Amino acid sequence: MGLLETEQKQSKMVGVGLEGLPTTLINEIIVKLDTETLCSVACVSRALRFAVSEALPLSSSLDLSAFSPDAQTLNHLVSRCKGLKILTLDCLRLDDSSITIFLGPHIQELNLLRCSLLSYQLLRSIGESLPNLRLLTLEPSYWDLPEMFNRNLVQMLTGCSYLESLCLKIRGAEFDATFFRSIEHFLPKTVKILKLQPVLEQDVIRFIRELSVNRNILETAEFGIPSSPASPGFKLQSLSLVLDIISDELISSITNSLPFLIELHLEDRPSKEPSPFHDLTNSGLQSLRFCRHLTDISLIRSRHNLPVYFKRINDMGMLLLSEGCRLLESVRLGGFCRVSDAGFASILHSCWHLKKFEVRNALLLSDLAFHDLTGAPCSLVEVKLSSCNLITSETVHKMASSRRLEMLDLFGCKSIADSSLSSITCLNKLTTLNLGGADVTDRGLSVLSQGYSPISHLCLRGCKRVTDKGVSLLFHGCGVISKTLTALDLGHMPGISDKSILTIAAVGTGITELCIRYCFYVTDSSVEALATKRRLQDGRKPLRKLDLFHCTGLSVKSLESLKRPFFQALKWIGLGRTCLSGKGNEICNERPWLTLCLDGCEMGCHDGWHFHRPETRDH
């Protein structure tokens, strides 16, 4: 308790200092803070608590996505916000009645995430209560009643006639033909952004074609002038879909009917090998040239169900894409197994405005694609080359010329070695670095620790040659990374033990997210050390997310470290496949705001949350 008393004393001293500040100055600061920070600030002093209570009614935006509030907490916060227009919620612990009492004409943007307890009837309530809604994001769980979902969706769309952005992501659902049936007849013509998951390819084709026809008929009746395909009444600018298959027919329908597209994101998840006669080919890529305003494209063949690729696209297809869409600023490509260096290089050299470049699972992509990167006209800010086995340190050396680079993701590029890290240290704007699965060693981390790259997120997952010594070197170097690092992934690393975690607890002052899943030599000592890593003491930040999945070295003794007053700021913890996984009730009774994951999801369950079980508060 000595450390806790020290922290409380320091907080009190800060509060006393703030008491003397002018109220107008405090209010100016308060109105610029996000909701999570406001909640933390309110605990510091009476002056700030009063300032926060005064600021909430004036706030037009409330974002509670950083944690999962219960109905009582939500009511306490939202009821004070009289001028609320934008509301974002993590709905893991909320049911329909918790949401509907706040719905009204004043809400213009509504984002409901992780809706594990919400029913499909909430859609109808949204349509009835939010006539001025402009933006809607909804992540409902799959309840095996697609017809009911569709009926309620139609009623919602009928009521929200000013909707500009619609994002519907149904969690846990397979591709079903009835989810989005007939929405083309009810979708407001004001919609410019549309995101749907999951949806069938044939439904999308029918939807787009009928939508275009319906709009043309309406315009003809109203003005007496037939609309041409080049200028339809429905001017969708952003389309994002997760579907069963991407085909030439799909692309052709999109480009013929939606020529005003700026962003096109398509991901398919085939359940079987696509037919050679029903797949995406070079012709499909060539037809994208009709979307003359396109600046952002994503074409991903996911390995979610089985390892499949775009087998009918080669370098010619990429050349046609790069020549036809020269305005591209962001390109994401996944599963193009027959495209070689020449094809990928054509994008780098033809798209002058390119800032973000991502390639996944490209079997033929090698260092040659980046050989003349200094001569490329683009100025890259983000580069992701995931699971591209032919990429080596030579590519990283070429990247050193991209002085604006902020993100470098080389996950699964197994030939990246220590020699590349000296080039990385030259990137003085780099904030995110992913070396997962790379062949780096302790010596490489020593080099990284000496550099001036302000890296805040570092992934070393699966780097089997890195040991406790390397982690110690990383945090004791004379560079800046030890001060800027906030998120660290050390998962699947056999060389990591309690020594590394003790180092992080002692000198990793900025670490707020830590992943050590599958680290078998991590024991109770590590959890105890992290539990006493406190805010305000020596400027340390508290842990907010901790992944201990499959850390078999833990015992039930660690349970005491997970109780109050330890880990005061912890929002998420992964405890699956540990001896603590059966202690969910005990942990959550102590910490009702903590999200406890037992299912092996990645940090924060951002793409894998399951049904919330109220009886244990797990999910």
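Above this note sits the structure.
Everything numeric here is computed off the predicted structure, so don't read it as measured data.

A. Spatial organisation of the overall build of the protein chain. If you tally the helices and strands in the protein chain, you get 21 helices and 20 strands. Per-residue burial for the protein chain yields a buried fraction of 54% across its 619 residues. For the protein chain, contacts bridging at least 24 residues in sequence account for 75% of all contacts bridging at least 6. Put simply, the protein chain shows about 26,400 Å² of open surface, and 54% of that area lies on carbon and sulfur atoms.

B. Layout of the nonpolar core. Counting residues in hydrophobic clusters, the biggest one holds 161 residues, and the most contacted among them are F357 and L385. Considering every element that reaches this core, the biggest residue donor is helix α9 (residues 201-223), with 5 residues. Beyond its immediate stretch of four places on either side in the chain, L385 contacts F357, V359, L365, F370, I391, T395, D409, L410, F411 and C413. Core analysis: the next-biggest nonpolar cluster, separate from the first, contains 6 residues, C515, C601, M603 and C605 among them.

C. Spotlight on the state of the cysteines. Per the stated rule, a full pass over the model turns up 0 disulfides. With no disulfide of its own, C413 lies 5.3 Å from the sulfur of C388, the closest cysteine sulfur. Not engaged in a disulfide, the cysteine C551 finds its nearest cysteine sulfur in C519; these two sulfurs lie 5.7 Å apart. For C551, a relative accessible area of 0% translates into the label buried.

D. Structural detail: the side chain of S420. Of note, S420 is situated in the loop between β13 (407-409) and α15 (421-424). We classify S420 as buried; its relative accessible area is 0%. For S420, the residues in contact, after removing those within four places along its chain, are S393, V396 and H397.

E. Representation of the pattern of salt bridges in the model. Counted under the stated rule, the structure contains 20 salt bridges. Here R114 ties to D90 by a salt bridge, and the two come within 2.6 Å at their closest N and O atoms. Remark: D90 occurs in strand β2 (residues 86-90) and R114 occurs in strand β3 (residues 109-115); sequence separation between them is 24 residues. By relative accessible area, R114 is classed as buried at 10%. A relative accessible area of 4% places D90 in the buried class. With a closest N to O distance of 2.7 Å, R301 and D268 form a salt bridge. Placement of the pair is R301 in strand β9 (residues 296-301) and D268 in strand β8 (residues 263-268), with a sequence separation of 33 residues. Residues R301 and D268 agree in their burial class; the two are buried. Each of R461, D489, R517, D547 and E602 takes part in one network of salt bridges that share partners.

F. The arrangement of the packing of helix α17 (residues 468-476) against helix α19 (residues 498-507) in detail. Close contact between α17 and α19 brings their axes to 8 Å; oriented N to C, the two are set at 15°. For the element pair α17 / α19, the angle class is roughly parallel. Considering the relative orientation of α17 and α19, their crossing is right-handed. Contacts from D468, V471, S472, F475 and H476 in α17 reach K499, S500, T503, I504 and V507 in α19. Taken together, the residues that form the contact of α17 with α19 break down as 4 nonpolar, 4 polar and 2 charged.

G. Here's a closer look at helix α12 (residues 315-324). What α12 keeps buried is the set G317, M318, L321 and S322. All buried residues of α12 fall inside an arc of 130° around its axis, so they share one side. For α12, the secondary structure elements touched by its buried residues are α11 (282-287), β9, β10 (330-334) and α13 (341-350). By the N-cap criterion, in which a side-chain oxygen at the helix start approaches the backbone nitrogen of a residue two or three places on, α12 is capped by N314, the distance to M316 being 3.0 Å.

H. Broad picture of the packing of helix α16 (residues 442-449) against α17. Where α16 meets α17, the axes come as close as 8 Å, and the angle between the chain directions of the two elements is 5°. Put simply, α16 runs roughly parallel to α17. Contact with α16, carried on its side by D442, L445, S446, L448 and S449, involves K469, G470, V471, L473 and L474 of α17 and no other residues of that element. Per-class residue counts for the contact of α16 with α17 are 5 nonpolar, 3 polar and 2 charged.

I. View of the pairing of strand β11 (residues 356-360). The pairing of β10 with β11 spans 5 bridges and is classified as parallel. Each residue of the ladder has a partner; that of R332, found in β11, is E358. Handedness of the β10-α13-β11 crossover: right-handed. In the sheet, β11 pairs with strand β12 (residues 382-386) via 5 bridges, with the strands oriented parallel. Considered in β12, the bridge of V359 is made with L385.

J. Looking closely at the packing of aromatic side chains. All told, the structure shown has 6 aromatic pairs when counted by the stated rule. Look at F357 and F370: their rings are 6.4 Å apart centre to centre, the planes differ by 70°, and that puts the pair in the edge-to-face class. One end of the pair, F357, is in strand β11; the other, F370, is in the loop between β11 and β12, with 13 residues separating them in the sequence. Each member of the pair, F357 as well as F370, carries the same accessibility label: buried. Cluster of aromatic residues (ring-pair linked, three or more members): Y120, F149 and F180.

K. Spatial organisation of the environment of Q202. For Q202, the location among the structural elements is in helix α9. In this structure Q202 comes out as partly exposed when scored by relative accessible area, which is 41%. When the C-alpha positions of Q202 and D244 are compared, they lie 9.3 Å apart, and in sequence the two are 42 residues distant. Among all residues touching Q202, those that are not within four sequence positions of it are E249 and H278. In this structure the side chain of Q202 is engaged in a polar contact, spanning 3.0 Å, whose partner is the side chain of E201.

L. Representation of unusual backbone geometry within the structure. For the bond running from Q197 to P198, omega is -5°, close enough to zero to count as cis. Among the structural elements, P198 can be located in strand β6 (residues 193-199). Residue P565 follows R564 across a cis peptide bond; omega there is 10°. Mapped onto the secondary structure, P565 falls in the loop between β18 (545-547) and β19 (572-574). The phi dihedral of S387 falls on the positive side, at around 55°, and the residue is not glycine. Tracing the backbone shows S387 in the loop between β12 and α14 (393-399). The exposure class assigned to S387 is partly exposed, which follows from its relative accessible area of 28%. A positive phi angle, near 60°, is found at H492, a position not held by glycine.

The rules behind each value
- Residues numbered from 1 in each chain as written.
- Predicted model: local features only at pLDDT ≥ 70, side-chain atom pairs only at ≥ 80, totals over all residues.
- Heavy atoms only, no water.
- Helix = DSSP H or I, 4+ residues; strand = E, 2+ residues; numbered from the N terminus.
- Buried < 20%, exposed > 50% of the residue type's maximum accessible area, 1.4 Å probe, protein only.
- Contact = heavy atoms within 4.5 Å.
- Areas by Shrake-Rupley, 256 points an atom, 1.4 Å probe, with all protein chains shown as cover.
- Core = buried A, V, L, I, M, F, W, Y, C linked by side-chain atoms within 4.5 Å.
- Disulfide = S-S within 2.5 Å.
- Salt bridge = Lys/Arg side-chain N within 4 Å of Asp/Glu carboxyl O.
- Axes fitted to C-alpha atoms, helices over the stretch in contact; angles between N-to-C directions.
- Parallel < 35°, antiparallel > 145°, perpendicular 65-115°, else oblique.
- Left-handed = near helix turned anticlockwise from the far one by under 90°.
- Nonpolar A, V, L, I, M, F, W, Y, C, P; charged D, E, K, R; others polar.
- Arc of directions from axis to C-beta.
- Polar contact = N/O pair within 3.5 Å; in protein donor to acceptor, adjacent residues only side chain to side chain.
- Pairing = 2+ DSSP bridges.
- Right-handed = clockwise from strand over helix to strand, strands pointing away.
- Phe/Tyr/Trp six-rings, centres within 6.5 Å; stacked < 30°, edge-to-face > 60°.

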